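Listed below are the residues making up each chain.
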Amino acid sequence: QVQLVESGGGEVQAGGSQGLSCAASGNIFRLNVMGWYRQAPGNQRELVASISRGGTTNYADSVKGRFTISRDNAKNTVYLQMNSLKPEDTAVYYCNNRDRLGINSWGQGTQVTVSS
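Now for a look at the structure at hand. As the structure is a prediction and not an experimental result, all values here were calculated from the model.

### Regarding the nonpolar core
Grouped together as the largest cluster of nonpolar side chains are 27 residues, with contacts concentrated most on W36, L80 and Y93. Broken down by secondary-structure element, the contributors of at least two residues to this core are strand 1 (2-8), strand 3 (18-26), strand 4 (33-39), strand 5 (46-51), strand 7 (67-72), strand 8 (77-82), strand 9 (91-98) and strand 11 (110-115).

### Brief notes about the pairing of strand 4
By the criterion of burial, strand 4 is predominantly enclosed, with 6 of the 7 residues buried. The pairing of strand 4 with strand 9 spans 7 bridges and is classified as antiparallel. Opposite W36, over in strand 9, you have C95 as the bridge partner. Once strand 4 ends, the chain turns through 6 residues before running back antiparallel as strand 5, passing G42 with a positive phi of about 80°.

What counts and what doesn't
Residues numbered from 1 in each chain as written. Predicted model: local features only at pLDDT ≥ 70, side-chain atom pairs only at ≥ 80, totals over all residues. Heavy atoms only, no water. Core = buried A, V, L, I, M, F, W, Y, C linked by side-chain atoms within 4.5 Å. Buried < 20%, exposed > 50% of the residue type's maximum accessible area, 1.4 Å probe, protein only. Helix = DSSP H or I, 4+ residues; strand = E, 2+ residues; numbered from the N terminus. Pairing = 2+ DSSP bridges.

And the structure:
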């Protein structure tokens, strides 16, 4: 079992920046592709960005050029730097790990609110 704990989040004005971090513990040998998902009220959970152990990244079109995902394998931590935030970025952001068997682990989520 992998435990994921997010930190960061809160309220920020449109056009501002915010950073999220997610620390993993437990069976860290199962850490593989890590990522950030988000879910706004009434919407399905969607992928924001992901990063492999080797650093290959993938972004949703809606955040390309504004968000940056990174990870520190030595610290078992993944980060999400969010710039040029928009009100439509408002959501609960969840940290995710998908291990080599395709098993997902999730954090508890952190609220990001972008005010106009």
